Amino acid sequence: MITTESSYWSSVINFIYAVNILVIESDYKNSSQFNIKTNKFVGSFFEKPHELLQMTQFDALTGRFEPNVDLSLKNKLQNLQGREIIVGAFDYRPFMVVDFHSVPENYDHAEDNLRHLVHIDGTEMRIVHTFCELYNCSVQVDTSEKSEWGMVYPNYTADGLLGLIVEGKTHMGMGAFFQWYIAYRSIEQTTFLGRSGVTCLVPVPTRVTTWALPISPFTYTLWLAVAFCLFLEAFALFLARLFEERQIMQLEDGTIWSSIEFGYTTTLKLFISQGSDYVVNSHTVRMVLFACYMIDIIVTSIYAGGLSAILTLPDLEEAADSVERMYSHNLTWTATSYDWVASIADEETGVVDPLMQRLVNNYIISSREEMRRKAQTDNIGFALERMAFGHFGNGHFITPESLDRLKLMVDDIYYVFTVAMVPRMWAHLPKYNDLILARHSSGFSKYWEWKIVADYMNANEQNQVQASMFTQLDVGPVKLDMKNFAGLIVPWIIGIIISIMAFIGEWIHYWWCKRRLGGGVIHADELI
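Residues numbered from 1 in each chain as written. Predicted model: local features only at pLDDT ≥ 70, side-chain atom pairs only at ≥ 80, totals over all residues. Heavy atoms only, no water.

(A) Quick peek at the sheet that holds strand β3 (residues 52-59). In space, the 4 strands of this open sheet follow the order β1-β2-β3-β4, with antiparallel pairing throughout. Two strands close off the open sheet at either side, each with one partner strand: β1 (22-25) and β4 (64-66). Neighbour-to-neighbour, the strand axes of the sheet open up by a mean angle of 30°, direction not taken into account. Alignment of strand β2 (residues 33-39) against β3, held across 7 bridges, turns out to be antiparallel. The partner of Asn35 across the bridge, within β3, is Gln57. (Pairing = 2+ DSSP bridges. Helix = DSSP H or I, 4+ residues; strand = E, 2+ residues; numbered from the N terminus. Axes fitted to C-alpha atoms, helices over the stretch in contact; angles between N-to-C directions.)

Structure (structure tokens):
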């Protein structure tokens, strides 16, 4: 490059981020002497690292350099001499910890921070601190964006932390960024920092209080067997009663209907342990009654034991604690940003899996305050981030009250690898990636995760969330309340309504018969 305007190159953005740029400059067009310059790059921004430094002067007539200099560019990245790396961050523990009351503190570019000082730490941020210790750079922060990660749009604009990178205000964006293809078209990404699984805290299973509670002690197959047994009892009593009336009592007015009525009513009375007012004269009927009574007392005892177990031990509904159950229950779930479903709702390829399609359709966006409120009352799921070594992020909505009514899913909705977002042609990217890989191989990724959680988060809360995934079977004895009998109320109400309707029907039939017979007195025996 040859120009006489050296100030022009200082305004080119490549001079801010590029490491080694060689500029050949002349004073006029036909000059035989050329000034060879390079960008400084290292040092603080206040020292103007983008300015050009004179290396040597070349005389084309003599073919000599004055002074003589080695034109092979030096490795400026090995010692950055205090050059700043500005990190865009928000408080998202344990990935990124932003604390305005702890030390040590770093410079904050956010205008709403009047002190312009902030303490920054986290599992991902410690890589930046280690990087600057190795290569002599300084860490600065920009906490001006509170809308979390942001999104890159197809027109190559962005908002949130990604917008700060696109606009050149920050050099890195951190805080559990997922590997998004749409972001990669505009922004560079580091190698993977860790694994992040998106799971949910869902409502705990509730006690079964449906109208079907009275039939719950037996299965449908067993109920069919009981019904068939009652039919056989009624039929046996019918035959025995008919034999008694025809052969022993020799009643000329005995009818088949009276024997059917005897078998039917006696069977129902024996089944509910009630006595009968029929007079039995034959030993055949007595033996059949005794056999039916023995069968019914066994069946009713088993039923009573099963019903007692259901009433005293909780019979829980199925919880939506897996991806398939979230789909079948059509459960709504929420988080604070669309970014939570961006990986499974690719705008270019679309969601092909109908299961994931329903999950995306059931996803809603809520603020942090709304999530905290809904976690104590609403019947929805709450997105949670499961880290590689068992800890959880995005737990700002968790309170002791919400943990009593929420449980952890048994699997992840999906998982991705987290990265750090950096500008295109970021000069430090190769060395930064090498440091990330060295961190993984040394085991510091696991150590830092446990350390950050212990220092900045509630360890008991983390353990409670993990333990909530397993059903607590040993609940001990529970006091009976109206929830235990809610399933019995509906059949009772139906029985009362049918009884009232039957009573009204009998009165209507009585008055109709009375009017038809001309107002005469009708006895009850005549109505039957």
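Here the narrative resumes, following the displayed structure.
(B) Representation of the pattern of salt bridges. Applying the stated criterion across every chain, the model contains 17 salt bridges. Among the salt bridges present, the one from Arg93 reaches Asp91, with a minimum N-O distance of 3.0 Å. Looking at Arg93, the relative accessible area reads 24%, which means it is partly exposed. Take Asp91: its relative accessible area is 31%, and that puts it in the partly exposed class. Between Arg126 and Asp121 there is a salt bridge whose closest N-O contact spans 3.0 Å. Here the residues in one salt-bridge network are Glu318, Asp321, Arg325 and Lys407, joined through shared partners. (Salt bridge = Lys/Arg side-chain N within 4 Å of Asp/Glu carboxyl O. Buried < 20%, exposed > 50% of the residue type's maximum accessible area, 1.4 Å probe, protein only.)

(C) Highlighting helix α8 (residues 283-312). Between its first and last C-alpha, α8 extends 43 Å over 30 residues, near the 44 Å set by a 1.5 Å rise per residue. Those residues of α8 that sit buried are Val285, Val288, Leu289, Cys292, Asp296, Val299, Thr300, Leu307, Ile310 and Leu311. (Expected span 1.5 Å × (residues − 1).)

(D) Region of interest: a nonpolar patch on the surface. On the surface, Ile489, Trp492, Ile493, Ile496, Ile497, Ile500, Met501, Phe503, Ile504, Trp507, Ile508 and Trp511 cluster together to form a nonpolar patch covering roughly 1,200 Å² of accessible area. In this fold, Ile489 is placed in helix α17 (residues 482-516). We classify Ile489 as partly exposed; its relative accessible area is 33%. (Patch = residues over 30% accessible without salt bridge, like charges linked within 9 Å, V, L, I, M, F, W, Y side chains within 5 Å. Areas by Shrake-Rupley, 256 points an atom, 1.4 Å probe, with all protein chains shown as cover.)

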